[in-house]
Structures are given as C-alpha cells and as structure tokens.
Amino acid sequence: MRSGLHNRRRDRCATLRTSAANPASNGRAGAAQPIAGLSTISEPLIIPSARHNLPHALISENALKVLSRLQEAGYDALLVGGCVRDLLLGREPKDFDVVTDARPEEIKRVFHGARLIGRRFRLAHVRFGREIIEVATFRAAPAADGGDAHDNNVFGTREEDALRRDFTVNALYYDARDRSVIDYVGGVADLEQGVLRMIGDPASRYREDPVRMLRAVRFAAKLGFNIEPRTAAPIPELAPLLLGVPPARMFEEVIKLFHGGCALATYELLRRYGLFRFLFPATEASLATEEGNFPRMLVPQALANTDARIAEDKPVTPAFLFAALLWEPVRLRAGARLAQGMRPAEALERSAEEVLREELKHVMIPKRFSVPMREIWSLQPRFERRSGQQPLRLLEHKRFRAAYDFLILRVQNGEADPELGEWWTRIQEVDEAERRAMIAAVAQPAPGRKKRKRRRRRGRQRQAASP
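Residue positions within a chain follow its written sequence, with the count starting from 1. At least 70 in pLDDT is required for a residue's local features to be given in this predicted model, at least 80 for side-chain atom pairs to be given and counted, and no such filter applies to totals for whole chains, interfaces and linings, which use all residues. The side-chain values count all of the structure's non-hydrogen atoms but skip hydrogen atoms and water molecules.

1. Observations regarding the pairing of strand β3 (residues 97-100)
Then, number 1: At least two DSSP bridges between two strands are needed for those strands to be called paired. Secondary structure is summarised from DSSP: a helix means a run of H or I of at least four residues, a strand means a run of E of at least two, and numbering begins at the N terminus for each. Taken together, the four bridges between strand β2 (residues 77-80) and β3 define a ladder with antiparallel strand orientation. Directly across from V80, in β3, lies its bridge partner D97.
Then, number 2: Summarising the sheet, β3 and strand β6 (residues 131-137) pair through four bridges and their orientation is parallel. Across the sheet, the residue bridging to T100 is T137, located in β6.

Spelled out as structure tokens, the structure:
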C-alpha cells in the first residue's frame, strides 16, 4: 500500500488506460469485497496509518476542527469521499467533506453559525472565512424491497452510508483520531487497480439517478481510470434517461464535466458511451458530418485549449465553453440560410437563436452566459471589416478578447483565413500610429484593380432642386 497509490496519478488529468482491469483481481486477503447488491455489506477493511500514505498534513485545519468538535460532543465523525480518494492518490483535494451520526439540527447546535441546506438531503455548511466544510449525516441504505429511491433524509449507520455512495473509490472514510482508512466496499483495491466500479447493481443505480452516468465518465477521465465493464455496460442503453434530468441541473453537470481540467478526455468518453448527444444533440448531429473529408475539430481543439488554461491557472468562462460547443450547428445553419439569399448578419442571428432555443430544452444556460456567448458569435463577421474606424471600434468592444480568442480557434481549424488572425494579433501589439497604417494598408486596392465608384443617389438631389 505504501509503495503504490501515493506515487501514482499525480497529474491533473491522467492518461486514460486502454485495457480494462480484471474485476476478479480486486479481492485481497482481508480486504472488503465489492458488494453485489445494495442490501449487503461485508466487514470493513481498516488500514492503519503505518500501511497507507495518506498525508495527514494536507488535510484542511478547518476540517480537522470540525471533526474534533463533533467528536468532543460525543458524535462519530469522519472524512469521506473525494478528499480521501485524492489524498490516497497523492493529490491535493479541492474541498473536504465530513460525515457524522449527528442529525442536521444537532450539527447546528455544535456549530451555531452552520447553515442547513438541501431539500433532497439536508446537510450543513460550516464556514471558516472563504472555506466551507460540508457536514452530512450518515444516510440509510435503500430498502431491500426497492422502497423510495429518493427518500434521502432517512438517516442510518456508517455501514449503510457506504452503500448509498456511487463508486467504491468515493466510499472511503478517514478517521483522524487514529489516522486509519476505513473501506467497506473494496474501494482501496479499486484505487490500486485504477478501476471505477459502481456500488450495487449499475443499471439500478443509473435509473435511480441518471446523472451517475455522467459522473462515471467524469471520474474516469479525471482519475485516468477504466470504467469497470459491468459498470460501463448499461450506459449506452440507459443514456436516454438523461432527457428526464432538469435542464438547470444539467448545466451544473456540464460545467463539472468540462471545467475540471480534463475536458478533452471527458468529451471523448461522453461520445464513446453515447451520452454527448443527450447533452448537445444539435452539435452531435453536426459532428457526424465531415467538411472537405476532414472531421470537424473545433470542439476538441476548444476543449484542449480549456484544459491548457486550467493547467496554467488561467480563467475560463462558461460563455466561451458554450460558444465553442454550439458553434458548429450555428455555423452550418447560417450557411444554409446564406445559400437561400439571407443577409449574413440575419442568417447568423436567426441560427443562433434557433440553436439556443433547442439547447435550452437539454441544458439551461443562464442569460449571464448565453448573452456573451451570442456576442462572441455575432462579432465574428466584424473581424472581416478592417477599413475606416471599424477595427478601432471593435478593439474597444467589451467582448473583443473572447471574440478574438474564438477567431484564433477558427483559424486553427481552417475555418478562418490565417492572415486574418495574424492581422488581428499584430494590431493589438502595435501603437496607435502603426494601427492606422495597418488599416490604411488594408484599405488600399490590390494592384491592377480599379476602385469601385459609389453611385450617386439622384432622387434626393432632384427633389431638393424642384421648387
């Protein structure tokens, strides 16, 4: 244990494996076995601190304070979930979750400033400045007869709580008192094997909450794990269940999928398992066609750029993400309208409105992102206009930088003229005098080409001359 997990998967987005791990290799002497159903559980595997490499020093001091105060008040309290998983993999967790046998009202009595949230399942947020420690109560396992799969406010034991979690690697507990790792479902073995395995029957768990299919893909991409065959098998068939998920919730999931630093790997898995088309059906339809015998690569390139920016701690915005994800259907429909004789600006505007209206049935994009997204699109034709004051006015537009980045993305994918991208890159780097010189040079007619004279409008002159 000490020589394995801690030295592996330190990268932000690990490379996906190409061969599935053997599910049968998950068992070890003394280890908790993956459970066959939600109503059964085995004795836990308790790993003492001497046998694991979880770095206690990386645990948030505030999380340790929460654990300590709950324990001093007589309650059981443990770290759980992604923070334990990431620490065992040698990663620094983004946040820390605590689970306890204290009920929400009892948690609030221990932490007077705690805020109780949630309707599906009540939990507490304990704030320490900007850091929030989430504290939840152990949940009961679903009834053996099926019961109400969404009755989440039935509290239970530590063992039952493990059964309610989605994947074995997310169901590990850490006891800060003796610094031991507690495993009820074989999660430690799956971490060592690089396997993402659903707890219980996968098809039943996906039907209970279809978003678990998206979580499977997201964790597989983030961790560089294989989705265990039995866990992966039902996904293509059950993917249409995503149509029943509220669009507002889907927006939150899309941001998690593509703003986690592994957007490109996530995108590839979404398409492999037939999930992407239920998130972005118009985009999926456009990606099914080729342009000039080449696949359409703007979306993968945009996602790769997003991963690079996150790796460099640069900001990313959902407006640009959705602009890239929906651009192909907007562009193709605008092209069809142009072919019918519609003016370019109107063709682009109508197509954008149509694609967005359709997309909102699947993913609810808030206006604070959809409005700048459409501005990024609408500014693209203006990059073609490089005469007079138009370039200078465009440089001052509040969406110029995002629109310029989108232009460069189009250049990278052969959609826009490289010379156009180079010109707009250079004009940002030079002084005012050089800018005007660049604009004047573009305005000059090509050699041997006569400048077209503007026709005089005679009607108004005749009207002015008449008595």
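2. Looking at the packing of aromatic side chains
Then, number 1: Pairing of aromatic rings covers Phe, Tyr and Trp, the last counted by its six-membered ring, and requires centre-to-centre distances within 6.5 Å; plane angles under 30 degrees mean stacked, over 60 mean edge-to-face, and any other angle means tilted. Enumeration over the complete set of coordinates arrives at 16 aromatic pairs.
Then, number 2: With 5.9 Å between their ring centres and 20 degrees between their planes, F251 and F369 make a pair best called stacked. Of the two residues, F251 sits in helix α10 (residues 247-258) while F369 sits in helix α16 (residues 367-379), which places them 118 residues apart along the sequence. For the pair F251 and F369, a shared accessibility class is recorded, and that class is buried.
Then, number 3: With a centroid separation of 6.1 Å and 50 degrees between ring planes, the pair formed by F280 and F322 is classed as tilted. On the criterion of sequence distance, the pair formed by F280 in the loop between α11 (263-272) and α12 (281-287) and F322 in helix α14 (residues 318-339) is long-range, its members being 42 residues apart.
Then, number 4: Using a relative accessible area of 0% as the deciding quantity, one classes F322 as buried.
Then, number 5: Through a chain of ring-to-ring contacts, the aromatic side chains of F251, Y267, F276, F280, F322 and F369 assemble into a single cluster.
Then, number 6: Lysine NZ or arginine CZ positioned within 6 Å of the ring centre and within 35 degrees of the ring normal marks a charge as sitting over the ring. Over the ring of F219 we find R218; its NZ or CZ atom is 5.0 Å from the centre of that ring. Exposure categories follow from relative accessible area, calculated using a 1.4 Å probe and restricted to protein chains: below 20% of the type maximum is buried, above 50% is exposed, and the middle band is partly exposed.

3. Here's the deal with the packing of helix α13 (residues 298-311) against helix α18 (residues 400-412)
Then, number 1: Where α13 meets α18, the axes come as close as 10 Å, and the angle between the chain directions of the two elements is 125 degrees. Considering the angle they form, α13 stands oblique to α18. Between α13 and α18 lies a crossing whose hand is right-handed. Residues L298, Q301, A302 and N305 of α13 pack against L409, R410 and Q412 of α18.
Then, number 2: Three classes are used, and their members are as follows: Ala, Val, Leu, Ile, Met, Phe, Trp, Tyr, Cys and Pro are nonpolar, Asp, Glu, Lys and Arg are charged, and the others, Gly among them, are polar. Considering only residue class, the contact of α13 with α18 consists of three nonpolar, three polar and one charged. Interaxial angle, 0 to 180 degrees, is taken between N-to-C directions of lines fitted to C-alpha atoms, where a helix line uses only the stretch in contact. Each angle is binned into one of four classes, with values under 35 degrees roughly parallel, values over 145 roughly antiparallel, values of 65 to 115 roughly perpendicular, and all other values oblique. In this scheme, a crossing is called left-handed if the near helix is turned counterclockwise away from the far one by less than a right angle; it is called right-handed if the turn is clockwise. Note on definitions: a residue-residue contact is assigned when non-hydrogen atoms from the two residues lie within 4.5 Å.

4. Topic: α16
Then, number 1: For α16, built from 13 residues, the straight-helix expectation of 18 Å at 1.5 Å per residue is met to within 8% by its first-to-last C-alpha distance of 18 Å.
Then, number 2: Tucked into the core, α16 has its buried residues touching α10, α14, α15 (344-359), α17 (390-395) and α18. By this rule, a helix spans an expected 1.5 Å times one less than how many residues it contains.

5. Quick word on unusual backbone geometry
Then, number 1: In this model, R179 sits at a positive phi of 60 degrees, which is unusual for a non-glycine residue.
Then, number 2: Given a relative accessible area of 40%, R179 falls into the partly exposed group.
Then, number 3: A positive phi angle, near 60 degrees, is found at D313, a position not held by glycine.
Then, number 4: You can see D313 is positioned in the loop between α13 and α14.

6. Some points on α10
Then, number 1: With 12 residues, α10 should reach 16 Å at 1.5 Å per residue; the first-to-last C-alpha distance of 16 Å fits that figure.
Then, number 2: Residues of α10 that are buried: M250, F251, E253, V254, L257 and F258.
Then, number 3: Contacts made by the buried residues of α10 are with α7 (211-223), α11, α13, α14 and α16.

7. Describing the side chain of E253
Then, number 1: Assignment of secondary structure puts E253 in helix α10.
Then, number 2: A residue is classified by how much of its surface remains accessible, and E253, at 6% relative accessible area, is buried.
Then, number 3: In this view, E253 contacts V211, L214 and R218; residues no more than four positions away in its chain are not counted.

8. Some thoughts on the pattern of salt bridges
Then, number 1: The rule for a salt bridge is simple: a side-chain nitrogen of Lys or Arg has to be within 4 Å of a carboxyl oxygen of Asp or Glu. Applying the stated criterion across every chain, the model contains 29 salt bridges.
Then, number 2: Of the charged contacts, one joins R158 and D76 as a salt bridge, the two residues approaching to 2.8 Å between their closest N and O atoms. Placement of the pair is R158 in helix α4 (residues 158-164) and D76 in the loop between α1 (61-72) and β2, with a sequence separation of 82 residues. Like D76, R158 is buried.
Then, number 3: Between R177 and D76 there is a salt bridge, and its shortest N-O distance comes to 3.5 Å. Placement of R177 in the loop between β7 (172-175) and β8 (180-183) and of D76 in the loop between α1 and β2 is noted, with a sequence separation of 101 residues between them.
Then, number 4: The network of salt bridges with common partners includes D76, R158, D175 and R177.

9. Observations concerning the nonpolar core
Then, number 1: Core analysis: the biggest nonpolar cluster contains 102 residues, and L70, L79, F258 and L275 have the highest contact counts within it.
Then, number 2: If one sorts the elements of this core by residue count, α14 sits on top with 10 residues.
Then, number 3: L392, L394, W423 and W424 belong to the second-largest nonpolar core, a separate cluster that totals 18 residues. Put simply, buried Ala, Val, Leu, Ile, Met, Phe, Trp, Tyr and Cys residues joined by side-chain atoms within 4.5 Å make one nonpolar core.

So yeah, pure geometry; function would need other evidence.
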